[in-house]
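Results of the structural survey
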Amino acid sequence: MAWLRSFLYAVFLTVTVIPYAFACILWAPLPLHARYRLTIGWPRLAIWGARVICGIRWQIKGAQNLPDGPAILLSKHQSAWETLFFPAHMPREVCFVYKKELHRVPFFGWGLALLRMIPIDRARGRDAFDQVARQGRGRLEEGRWPLLFPEGTRVPPGQIGRFKTGGARLACVTGAPVIPIALNAGECWRRNAFVKRPGLITVSVGPAIESQGLSPEELNAKVQAWIEGEMRVLNPERYGQI
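Residues numbered from 1 in each chain as written. Predicted model: local features only at pLDDT ≥ 70, side-chain atom pairs only at ≥ 80, totals over all residues. Heavy atoms only, no water.

**Examining the nonpolar core**
Residues Y9, W81, F86 and V94 are the most contacted members of the largest nonpolar core, which totals 41 residues. Secondary-structure elements contributing two or more residues to this core are helix 1 (2-26), helix 3 (41-54), helix 4 (81-89), strand 3 (94-99), strand 5 (145-148), strand 6 (178-183) and strand 7 (199-205). At 6 residues, helix 3 tops the list of elements feeding residues into this core. Apart from residues no more than four positions distant in its own chain, V94 is found in contact with Y36, L73, F86, P87, M117, W145 and L147. (Core = buried A, V, L, I, M, F, W, Y, C linked by side-chain atoms within 4.5 Å. Buried < 20%, exposed > 50% of the residue type's maximum accessible area, 1.4 Å probe, protein only. Helix = DSSP H or I, 4+ residues; strand = E, 2+ residues; numbered from the N terminus. Contact = heavy atoms within 4.5 Å.)

**As for the packing of aromatic side chains**
Applying the stated criterion across every chain, the model contains 10 aromatic pairs. Ring geometry for W81 and F85: centres 4.8 Å apart, planes at 15°, overall stacked. With W81 and F85 both in helix 4 and 4 residues apart, the pair spans about one turn of that helix. Just as W81 is buried, F85 falls in that class too. Joined through ring pairs, the aromatic side chains of Y9, F12, W48 and W189 make up one cluster. (Phe/Tyr/Trp six-rings, centres within 6.5 Å; stacked < 30°, edge-to-face > 60°.)

**As for the environment of G161**
Positionally, G161 belongs in the loop between strand 5 and helix 7 (166-174). For the pair G161 and P150, spaced 11 residues apart in the sequence, the C-alpha separation amounts to 8.6 Å. Residues within four places of G161 in sequence aside, it is in contact with E151, V155 and Q224.

**Some words on the pattern of salt bridges**
Opposite charge on two side chains permits them to pair, given that their charged atoms come into close proximity. Under the criterion given, the structure shown has 9 salt bridges. Measuring nitrogen to oxygen at the nearest pair gives 3.2 Å for the salt bridge that ties D68 to R92. Note that D68 is positioned in the loop between strand 1 (56-61) and strand 2 (72-75) and R92 in the loop between helix 4 and strand 3, a separation of 24 residues in sequence. Taking the shortest distance from any N to any O, the salt bridge between E142 and R139 comes out at 3.7 Å. Among the residues examined, E142 registers a relative accessible area of 29% and is labelled partly exposed. Under the relative-accessibility criterion, R139 is labelled buried at 10%. Three or more residues are tied together by salt bridges with common partners; here these are E93, R116, R139, E142 and R144. (Salt bridge = Lys/Arg side-chain N within 4 Å of Asp/Glu carboxyl O.)

**Description of the UniProt feature "transmembrane region" (unreviewed entry) in the protein**
Following the UniProt record, the feature "transmembrane region" (unreviewed entry) maps to residues 6-28 here. For residues 6-28, the helix share is 91%, the strand share is 0%, and the end-to-end C-alpha distance is 32 Å. (UniProt positions renumbered as here; feature names shortened; annotations may be inferred.)

**Focus: the side chain of N184**
In this fold, N184 is placed in the loop between strand 6 and strand 7. Ignoring anything within four residues of it in the chain, the contact list for N184 reads Q78, L200, I201, T202, L234 and N235.

**Let's talk about the sheet that holds strand 1**
The 7 strands are arranged 1-7-6-2-5-3-4 in an open sheet whose pairing can be described as mixed. The strands lining the two open edges of the sheet, one partner per strand, are strand 1 and strand 4 (118-120). Neighbour-to-neighbour, the strand axes of the sheet open up by a mean angle of 25°, direction not taken into account. Taken together, the 2 bridges between strand 2 and strand 5 define a ladder with parallel strand orientation. Residue pairing across strands places L73 opposite L147, the latter belonging to strand 5. Contacting strand 2, strand 5 and strand 6, helix 7 runs over the sheet at an angle of about 165° to strand 2. (Pairing = 2+ DSSP bridges. Axes fitted to C-alpha atoms, helices over the stretch in contact; angles between N-to-C directions.)

**Quick look at the packing of helix 2 (residues 32-39) against helix 3**
With their axes 4 Å apart at the nearest point, helix 2 and helix 3 run at an angle of 20° to one another. What the angle tells us is that helix 2 and helix 3 run roughly parallel. On helix 3, the residues that touch R37, L38 and T39 of helix 2 are G41, W42 and P43. Each residue belonging to the contact of helix 2 with helix 3 can be placed in one class, and the counts come to 3 nonpolar, 2 polar and 1 charged. (Parallel < 35°, antiparallel > 145°, perpendicular 65-115°, else oblique. Nonpolar A, V, L, I, M, F, W, Y, C, P; charged D, E, K, R; others polar.)

Pasting the structure below:
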């Protein structure tokens, strides 16, 4: 049954993303904020479809910690699910930091390119962070929230990836506080797994961590400590041996 549900969900995503991509091109001349509101309709639809078709429910814990002001979101990364959830359900526009090559992905990449997030050219090596800092400051000034995954890639449940300092460095350069986020989406939607499992995903939002007066390494350590501590609350059975 899980396989059949997952197959139907894959069909659902395919038949909805193609017309939505063409619609994104049609409304490209609209102002950015209007484009964003229209474009996130597809991630919202995808999250809805995951709940209805695959039985993947979700809840937010600590929503009161989301500020009414500038912030940089640093999140645990286990699944493709959260890349759909954050733009669809955060109270402010989020801006992912991602490799520019994603713009070449048919349909999905087209819509992404129109949202003016923070694409980086990794071929520029050390200059890549200068791109992130410059664009990240601009996005904060626009009232948007840069969102980074410190582990850099999806990490299976129960495992801990190396937390890179890029997000903490951006926070220190801009003076923006960091909002740490833990989640257990990998329990339902594993990395590179076709079959999605029904269940409840918890997105846990931590209290703001001020960046001022801290080095990127100190800030990054505080973020990692909160996220991994909260992961042990969400799924203690996964981390008992770590």
